[in-house]
Amino acid sequence: MTRTLASQALSHKGKKITVVGWLHKKRLLGGLTFINVRDRSGLIQVVIKDNVEVEKLRGMQIGTVLTVEGLVKEEQRAPGGAELHDVKVIVIVPVEDQPPIEIDKPLDHKAENLDTLFEYRPIGLRNMQETAIFKIRGTITRALRDYFYQNEFTEVHTPKLLAAATEGGAEVFKLNYFGKEATLAQSPQFYKQILVGVFERVFEIAPVYRAEPSATTRHMTEYISIDGEMGFINIDDLKEFLSGLLNHVVDEVWKVHADDLKKWNTIKPTLPKDIPSLSMEEIHDLYTKATGANTVGEKDLRPDEEKWICEYAAKNLKSEAVFVTDWPAIDMKFYHKAQDGKPELADRVDLLFRGLEITTGSMRENNHTILVKQLKEMAGGNPEDPGFKYFLMAMQAGMPAHGGFGMGLERLTEKIIGLNNVKEATLFPRDINRLYP
RNA sequence: GGGCUCGUAGUGAAGUGGUUAUCACGCCUCCCUGUCACGGAGGAGAUCGCCGGUUCAAUCCCGGUCGAGCCCGCCA
């Protein structure tokens, strides 16, 4: 027996083929029965007229594993233009319990029902509308990786088990490491900067862990961080790279997944070649004038403000993404660099996309003396601490001007597809309450 | 950490201080030869999250508890 994939059936027109897969749908019309069989390539429609064959499927639920042997007929009325006739059915793995959630119709993604969606995740993912999310996500990951390689980045993997929390900011998970305390990496920050001194350009696509008690539609305790870091650049180079990256990903996804995207009713985002920039101050002014809520002088953007400015940019700047520049230096991390000639501003840029912050990037302080000073003054850190020592070792060994960014893969996927929660774009999400499946 | 909201068949929802808790999808039986969210007839399936209180009577009102969701803070 030679297996033929569902999507290849038409090329075997008039011949007998064998398809292996899962029963995806049964429609009994009396003397005529239609079934759909799903394999990795998609669905094929099978027409069964022989009652003996139909009876083999009595009581068999969606998910039953089948072999179907039959003659390929070109048929305009069939989805995909081909179907199998004169078939012989073999049930390989019978499934007699009905699935707890539907597999052949779109699943409800209302916020209050997401818990059910995840409770039955192993089965619900077989729903092809769910599958589409993760095929698209896979393409997003590949497109990101391709773009990094095209731009001569080296792909790296840095440790996720660390001795102690040093970077500051987010809360970290602690764990017992053979009697010592260890933590899970909340970011590859120090490692990717160290590696700029080695490779000049590096990227990593890997999980990071954050023990923040944030229960929102945009937070998880484990997520995939897309980290890039480049030497010999300035903040404009960084923005240019990010513009190119986002455009490449979007183009690639729409090239490959037109049908899957239609399932989610999403349209291709409007993005100019160079994504426009607005300063923090400009955004506060615009938002305050438009809404009456006074945010002038605030050191960050409110979530509502992020949504609003994205709508503003879509309308007035013909872009569904926007860079936020000129962040106050008061709030910057010790390894960030202040702007030349404007020490009150950080050389930082955030990327907002369809109302959500998907990226934070910045130039890093590459002057060892200033860096040590900032470590002591801004983070209260000790340069001799092993958590900083090795990082500073690299920073003292010849570091050019460099900068980089972190991007949330789930946030990017969510916004490309038009979902409402990062967890919907995650196979098996982890949040404060959820540690399974 | 703070605030708000919600728990009713496998799933999604409606509903009421009082006789047998309603609908859709799914499931089972039967009918149906071009379905593709097939259609038609019938059927099974719910200790109304849990504990306590008020009441002649609670799924409904009150309190607690457990679970979930959303917003804020923070972040990607």
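Before reading on, note that the structure itself is shown above.
Residues numbered from 1 in each chain as written. Chains lettered and ligands numbered in written order. Predicted model: local features only at pLDDT ≥ 70, side-chain atom pairs only at ≥ 80, totals over all residues. Heavy atoms only, no water.

What follows covers the overall build of chain A. Of the regular secondary structure elements, chain A holds 12 helices and 17 strands. Overall, chain A is about 85 × 55 × 40 Å in size when its C-alpha atoms are taken along their principal axes. In chain A, buried positions account for 52% of the 437 residues. Restricting to contacts in chain A with at least 6 residues of sequence separation, those with at least 24 account for 65%. Surface summary for chain A: the accessible area is close to 21,400 Å², and the carbon and sulfur share equals 51%. (Helix = DSSP H or I, 4+ residues; strand = E, 2+ residues; numbered from the N terminus. Buried < 20%, exposed > 50% of the residue type's maximum accessible area, 1.4 Å probe, protein only. Contact = heavy atoms within 4.5 Å. Areas by Shrake-Rupley, 256 points an atom, 1.4 Å probe, with all protein chains shown as cover.)

For the bond running from Tyr436 to Pro437, omega is 0°, close enough to zero to count as cis. Examined against the element boundaries, Pro437 turns out to sit in the segment after helix H12 (409–417). The backbone of Glu200 shows a phi angle near 75°, a positive value even though the residue is not glycine. With respect to the helices and strands, Glu200 occurs in the loop between helix H5 (189–199) and strand E10 (201–209). The class of Glu200 is partly exposed, set by a relative accessible area of 35%. Even without being glycine, Asn265 reaches a positive phi, approximately 60°. Relative to the helices and strands, Asn265 is located in the loop between helix H7 (258–263) and strand E12 (277–279). Overall, the relative accessible area of 72% leaves Asn265 in the exposed class.

Let us look at the protein's contact with RNA strand B. Around RNA strand B sit 54 residues in total, of which Arg27, Leu28, Arg218, Ile358 and Arg411 are the nearest. Within 4 Å of the protein, atoms of RNA strand B come from sugar and phosphate in 60% of cases. At 3.0 Å, a side-chain N or O of Arg58 approaches a phosphate oxygen of RNA strand B. One nitrogen or oxygen atom from the side chain of Thr360 is found 3.2 Å from a phosphate oxygen belonging to RNA strand B. Secondary-structure elements contributing two or more residues to the surface near RNA strand B are strand E1 (16–28), strand E5 (82–93), helix H2 (114–119), helix H9 (303–316), strand E16 (356–364) and strand E17 (402–408). The element contributing the most residues to the surface near RNA strand B is E16, with 4 residues. Taken together, the residues that form the surface near RNA strand B break down as 16 nonpolar, 19 polar and 19 charged. (Near = heavy atom within 4 Å. Polar contact = N/O pair within 3.5 Å; in protein donor to acceptor, adjacent residues only side chain to side chain. Nonpolar A, V, L, I, M, F, W, Y, C, P; charged D, E, K, R; others polar.)

What follows deals with the side chain of Glu252. Among the structural elements, Glu252 can be located in helix H6 (residues 235–256). With residues up to four places along the chain from it excluded, the contact list for Glu252 reads Thr139, Arg142 and Ala143.

A contiguous nonpolar patch, built from Ile90, Ile92 and Val93 and spanning about 240 Å² of accessible area, is present on the exposed surface. Looking at the secondary structure, you find Ile92 in strand E5. (Patch = residues over 30% accessible without salt bridge, like charges linked within 9 Å, V, L, I, M, F, W, Y side chains within 5 Å. Salt bridge = Lys/Arg side-chain N within 4 Å of Asp/Glu carboxyl O.)

Here we take up the pairing of E1. Judged from the 7 bridges that link them, E1 and strand E4 (residues 65–74) form a sheet pairing that is antiparallel. Bridge pairing links Thr18 to Glu69 in E4. Across 6 bridges, E1 lies against strand E2 (residues 33–39) in antiparallel orientation. Residue pairing for E2: Lys26 is matched across the bridge by Ile35. Where E1 folds back onto E2 in an antiparallel hairpin, the turn is made up of 4 residues, including Gly30, whose phi is positive at roughly 100°. (Pairing = 2+ DSSP bridges.)

Another point: the side chain of Thr426. By the element assignment, Thr426 lies in the segment after H12. A relative accessible area of 8% means that Thr426 is categorised as buried. Polar contacts involving the side chain of Thr426 include one to the main-chain carbonyl oxygen of Val422, which spans 2.9 Å. The residues touching Thr426, leaving out its near neighbours within four places in the chain, are Phe118, Arg121, Phe134, Arg137, Met220 and Glu410.

This part covers the sheet that holds strand E7 (residues 161–162). If you trace the 3 strands from one edge of the open sheet to the other, you get E7-E9-E8, paired in antiparallel fashion. The sheet is open, and its two edges are formed by E7 and strand E8 (174–177), each paired on a single side. The pairing of E7 with strand E9 (residues 180–184) spans 2 bridges and is antiparallel. Counted as the bridge partner of Leu162 is Thr183 from E9.

Turning to the nonpolar core, a few remarks are in order. Within the largest apolar cluster, 46 residues are counted, with the highest numbers of intra-cluster contacts made by Ile140, Leu144, Leu245, Leu246, Leu412 and Ile416. If one sorts the elements of this core by residue count, H6 sits on top with 10 residues. With 20 residues, the next largest nonpolar core counts Ala9, Val37, Val68 and Ala82 among its residues. (Core = buried A, V, L, I, M, F, W, Y, C linked by side-chain atoms within 4.5 Å.)

With that settled, consider the pattern of salt bridges. One pass over the structure, following the stated rule, counts 27 salt bridges. Across the salt bridge formed by Arg145 and Glu155, the nearest N and O atoms sit 2.8 Å from each other. One end of the pair, Arg145, is in helix H4 (residues 128–150); the other, Glu155, is in strand E6 (residues 154–155), with 10 residues separating them in the sequence. Classification of Glu155 as partly exposed rests on a relative accessible area of 22%. Across the pair Glu320 and Arg354 runs a salt bridge, and its minimum N-O distance is 2.8 Å. You can see Glu320 sitting in the loop between H9 and strand E13 (321–328) and its partner Arg354 sitting in the loop between strand E15 (342–353) and E16, a full 34 residues away along the chain. Taken together, the shared-partner salt bridges connect Asp115, Lys423, Asp431 and Arg434 into one network.

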